[in-house]
Amino acid sequence: MVEWSDSERKTIASVWGKIKVDKIGPQTLARVLIVYPWTQRYFGSFGNLSSASAVLANLKVANHGKTVLNALDKAVKNLDGIKATYSELSQLHCNTLNVDPDNFRLLADCLTIVVATSFRSEFNPAVQATWQKFLSVVVAALSSRYH
Amino acid sequence: MSLSAKDKAAVKDLWAKISGKADDIGQDALSRMLVVYPQTKTYFSHWKDLSPGSAPVRKHGATVMGGVAEAVSKIDDLSSGLLNLSELHAFQLRVDPANFKILSHNILVVLAIMFPTDFTPEAHVAMDKFLCALALALSEKYR
C-alpha cells in the first residue's frame, strides 16, 4: 500500500493544479515519439511522424497527448486507490492496445522533463522526488493487469 | 543506437550553449539524484553533507561535468577516449552501471529547467543518446 505524507499530497495537488494539460499533454507525447522513435509503432494511423517538426505539428499527436495527460487527473484525485483506479486502463493497454509497459516509464520520464521545462526552479529536488514517486505509482498501476 | 553526424552536431551545439554553466548543472543534477533516488547515497557514505548544493556535492558535480566535457571532445570515439575513466569506474569506483541512467536522467531534467528553449525535442534526443553512449563507454571495462 503506497503511503503519502501530507506534504506529498499537497505537492502533487499543487503541481497538477498548475499543469496546463492542453499545452503539456501534446508536448509530452511529441517528445516521447521524437526521443524514443520506436514508440511510433503504436501510432500508424496518426499520419506524418517522419521528423521532429512533423510530430510537433501533428494534430492527432496533440489531441492524443491531451487525452493521455487528462487521464492522470483520476490518480491525483484518488491517491490512495491508484491501482484500482487504473485497473481497466491497464487491461485495455495489455489486451486491446498491446502496449509494452516499458512505454509507461518512457512517457513518465518525458512528462517529468516537460514539467521541468515549464516549472523551472519551482521544480526543485523535493518536488521532483514527490512527482516521480507519484508517476512511478501510476506506471505500476498501469502495468498491474498485464499478463 | 550509435551517434549519427546529426546527433554529434546537435550535442556540440547544445554543449556550446550550456558549458558555461557546467558546474551548476553538475551540482543540481547530483543534488537531484541523491534526493530523488536515495539509494545512490550509498556511494557517498564518506561525505559529511549530502544535502542539495552542499560543498562535496558542488565539488563532485563539477568533477562529473568535467568528464562529460571530455566526452564531448572525444565524441567520435568514446570507448577509447574514455578508457581511463572506464578503468576508474570499473576497478576503483565500481558504480553499478544502472546508476549512469539515473544520473543521465537528472542531467536532462536540469537542462530542461535551465535551458527550456534550447532543450528542444531534437536536442533532447541527441543528448539522451550521447549520455547513453557515454555510459556505455564508462562500463567498457566492467567485465
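Residues numbered from 1 in each chain as written. Chains lettered and ligands numbered in written order. Predicted model: local features only at pLDDT ≥ 70, side-chain atom pairs only at ≥ 80, totals over all residues. Heavy atoms only, no water.

K.L.:
So what exactly am I meant to see when it comes to the interface of chain B and chain A here?
P.N.:
By convention, interface size is frequently given as the accessible area that disappears when the constituent parts associate. With 22 residues of chain B at the contact, the number on the chain A side is 22 residues. Of the roughly 1800 Å² buried between chain B and chain A, counting both surfaces, carbon and sulfur atoms make up 65%. Taken as a group, Ile113, Pro121 and His124 of chain B account for 27% of the area that chain B buries against chain A, more than any other trio of residues on that side. When contributions to the side of chain B that touches chain A are tallied by element, the ones reaching two or more residues are α2 (22-36), α6 (98-114) and α7 (121-138) of chain B. The element best represented in the side of chain B that touches chain A is α6 of chain B, accounting for seven residues. (Contact = heavy atoms within 4.5 Å. Buried area = accessible area lost by both parts, 1.4 Å probe. Helix = DSSP H or I, 4+ residues; strand = E, 2+ residues; numbered from the N terminus.)

K.L.:
It is not clear to me how the UniProt feature "domain: Globin" (unreviewed entry) in chain A should be interpreted in this structure. Could you clarify?
P.N.:
Under the UniProt annotation, the feature "domain: Globin" (unreviewed entry) is placed at residues 3-147 of chain A. Across residues 3-147 of chain A one finds 70% helix and 0% strand; the C-alpha atoms that close the span lie 26 Å apart. (UniProt positions renumbered as here; feature names shortened; annotations may be inferred.)

K.L.:
Would you explain the packing of aromatic side chains in this entry?
P.N.:
The geometry of an aromatic ring pair is captured by two quantities: the separation of the ring centres and the angle between the planes. Residues and elements named next belong to chain A. All chains considered together, the criterion is met by six aromatic pairs over all chains. Between tryptophan 131 and phenylalanine 134, the ring centres sit 5.5 Å apart and the planes meet at 45°, which makes this aromatic pair tilted. Taken as a pair, tryptophan 131 and phenylalanine 134 lie in helix α9 (residues 125-143) at a separation of three residues, close to a single helical turn. The ring of tyrosine 42 is capped by arginine 41, whose NZ or CZ atom sits 5.0 Å from the centre of that ring. (Phe/Tyr/Trp six-rings, centres within 6.5 Å; stacked < 30°, edge-to-face > 60°. Lys NZ or Arg CZ within 6 Å of the ring centre and 35° of its normal.)

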